[in-house]
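# Secondary and tertiary structure notes
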Amino acid sequence: MRIVLLGAPGSGKGTQSQRLVEQQHIPQISTGDLLRAAVAQGTPLGVQAKEAMTAGRLVEDSIVLEMIRERLGEPDTGRGFILDGFPRNIAQARALDTLLEQIGQPLDVVVQLKVDYAELSRRIAGRRTCSDCDRVVNLLTTPRESLEQERCPVTGKPHRLFQRPDDNEATVAQRLRVYEQQTSPLIEYYAGQGLLRSIDAQGDVAEVSGRLTAVLPR
Ligand code: ADP
């Protein structure tokens, strides 16, 4: 199954992708994760991407498209994939259509995760990542005590949590604007192709996951 998850920053694309990975046995392809890895490794691409990411702008299409082209060429995508954070504007969506047509693997479904603005800001403010195992947790929904008791699978010690540098208030506001202006037109784009399913992505993770599974084609 070839799925695109569409939604604003903080709508739960990453969290729901991980559930889908387990359920559907297909890989998650997150351009945000790929870009952060490139930044961390200091590759030329990462150096170029860093400035835009820090400012909350989109990274240049050519960089992201090259990353996606390479990633989709790997053998684990044969049974499908979940695209998380890509495409993010109409030009990327068109390029994706062309690429998938070339490899004979058109999209099966695009799921829009709907969350209202106030909830998005709240979720992003509480988001933390473990520097050792990359697990993403939310301080709003996971009580401190249970986090302190949990052991990181990499170190065997408590998680070492940090806040993503682009999760600060000013950058978040900019990312939400970019979503409205550049990404939300994709809703119409995919509705026009008959691929769009929209779900209410508020409420707890398992509930949202149930709604998501219910709209996937069988
Ligand atoms: P979120 O969905 O919470 O904004 P991501 O991890 O998906 O977080 O993206 C973080 C940043 O990486 C974005 O603000 C943007 O700068 C860059 N980025 C990710 N995906 C793309 C993309 N498809 N095109 C351009 N830039 C991207």
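One can find the structure itself at the top, above this paragraph.
Computed from a predicted model, the values in this text were never measured in an experiment.

## Some words on the overall build of the chain
- Per the secondary structure count, the chain includes 10 helices and eight strands.
- Taken over the C-alpha trace, the chain has a radius of gyration of 17 Å; the compact-globule value for 218 residues is 17 Å, and the two agree within 12%.
- Each principal axis of the C-alpha distribution contributes one length, and for the chain these read about 50 × 40 × 35 Å.
- Taking all 218 residues of the chain together, the buried fraction comes to 45%.
- When contacts within the chain are restricted to residue pairs at least 6 apart in sequence, those whose partners lie at least 24 apart make up 69%.
- Of the roughly 11,400 Å² that the chain leaves accessible, carbon and sulfur atoms contribute 51%.
- Within the chain, the 28 negative side-chain charges are centred at a point lying 2 Å from the centre of the 27 positive side-chain charges.

## Some details on the site of the ligand
- Taken together, 19 residues lie around the ligand, and T31, R36, R57, Q92 and R175 are the ones closest in.
- Note that an oxygen atom of the ligand is positioned 2.8 Å from one of the side-chain N or O atoms of R36.
- Contacts to the ligand include R175, whose side-chain N or O atom sits 2.9 Å from an oxygen atom.
- Of the residues that constitute the shell around the ligand, the class distribution is seven nonpolar, four polar and eight charged.

## With respect to the packing of helix α4 (residues 61-72) against helix α5 (residues 90-102)
- Close contact between α4 and α5 brings their axes to 11 Å; oriented N to C, the two are set at 25 degrees. Judged by the angle between their axes, α4 and α5 are roughly parallel. In this structure, α4 meets α5 at a crossing whose hand is right-handed. Facing D61, V64, L65, I68, R69 and L72 of α4, the residues of α5 in contact are A91, Q92, A95, L96, L99 and L100.
- Of the residues contributing to the contact of α4 with α5, the split by class is nine nonpolar, one polar and two charged.

## Let's talk about the environment of P9
- Within the secondary structure, P9 is located in the loop between β1 (2-6) and α1 (13-24).
- On the basis of relative accessibility, which here comes to 8%, the residue P9 falls in the buried class.
- Taking C-alpha positions, P9 is 9.6 Å from D167, a pair spaced 158 residues apart along the chain.
- Every residue in contact with P9, bar those within four places of it in the chain, is listed here: L120, I124, R175, L176 and Y179.

## Some points on the pattern of salt bridges
- For the structure on display, the rule yields 13 salt bridges.
- E74 is paired through a salt bridge with R71; the nearest N and O atoms lie 3.4 Å apart.
- Among the residues examined, R71 registers a relative accessible area of 14% and is labelled buried.
- The partner of R71 in a salt bridge is D76, with the nearest N and O atoms 2.8 Å apart.
- Linked through salt bridges whose partners overlap, the residues forming this network are R127, R164, D166, D167 and R175.

The rules behind each value
Residues numbered from 1 in each chain as written. Predicted model: local features only at pLDDT ≥ 70, side-chain atom pairs only at ≥ 80, totals over all residues. Heavy atoms only, no water. Helix = DSSP H or I, 4+ residues; strand = E, 2+ residues; numbered from the N terminus. Rg over C-alpha atoms; globule rule 2.2 N^0.38 Å. Buried < 20%, exposed > 50% of the residue type's maximum accessible area, 1.4 Å probe, protein only. Contact = heavy atoms within 4.5 Å. Areas by Shrake-Rupley, 256 points an atom, 1.4 Å probe, with all protein chains shown as cover. Lys, Arg positive; Asp, Glu negative; His and termini not counted. Charge placed at Lys NZ, Arg CZ, Asp CG, Glu CD. Near = heavy atom within 4 Å. Polar contact = N/O pair within 3.5 Å; in protein donor to acceptor, adjacent residues only side chain to side chain. Nonpolar A, V, L, I, M, F, W, Y, C, P; charged D, E, K, R; others polar. Axes fitted to C-alpha atoms, helices over the stretch in contact; angles between N-to-C directions. Parallel < 35°, antiparallel > 145°, perpendicular 65-115°, else oblique. Left-handed = near helix turned anticlockwise from the far one by under 90°. Salt bridge = Lys/Arg side-chain N within 4 Å of Asp/Glu carboxyl O.

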